[in-house]
Amino acid sequence: MIVLVPFILVLRQPDLGTALMLMILFGSMVLFVGVRWRAILGLVAVGLLLIPLGWNFLAEYQKRGC
């Protein structure tokens, strides 16, 4: 995945906002290229399953929100 390396490097800064923007840009590119909906739904399902794991890596201020 071409976006995964920059995503991880930006996330290590830590700059969660920019990393999430990279994922949004990647998602929009996938939609415009014409990837099958089944593959997109599979990626979304995997992403949703990884949310609880990612929660453990957030800083305390990120978990609190504003």
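The coordinates are above.
## What about the overall build of the chain?
Across its full length, the chain holds four helices and zero strands. Going from N to C terminus, the chain has its helices and strands arranged as α-α-α-α. Based on the C-alpha atoms only, the size of the chain along its principal axes is roughly 40 × 20 × 20 Å. In the chain, which comprises 66 residues, the proportion classed as buried is 11%. Accessible area of the chain: about 5700 Å², with a carbon and sulfur share of 74%.

## Some words on the environment of Gly47
Along the polypeptide, Gly47 turns up in helix 3 (residues 37-55). Relative accessible area serves as the criterion here: at 33%, Gly47 is assigned to the partly exposed category.

## Regarding a nonpolar patch on the surface
A cluster of nonpolar side chains, contributed by Val46, Leu50, Leu53 and Phe57, occupies part of the molecular surface with about 440 Å² of accessible area. Positionally, Leu50 belongs in helix 3.

Scoring rules and cut-offs
- Residues numbered from 1 in each chain as written.
- Predicted model: local features only at pLDDT ≥ 70, side-chain atom pairs only at ≥ 80, totals over all residues.
- Heavy atoms only, no water.
- Helix = DSSP H or I, 4+ residues; strand = E, 2+ residues; numbered from the N terminus.
- Buried < 20%, exposed > 50% of the residue type's maximum accessible area, 1.4 Å probe, protein only.
- Areas by Shrake-Rupley, 256 points an atom, 1.4 Å probe, with all protein chains shown as cover.
- Patch = residues over 30% accessible without salt bridge, like charges linked within 9 Å, V, L, I, M, F, W, Y side chains within 5 Å.
- Salt bridge = Lys/Arg side-chain N within 4 Å of Asp/Glu carboxyl O.

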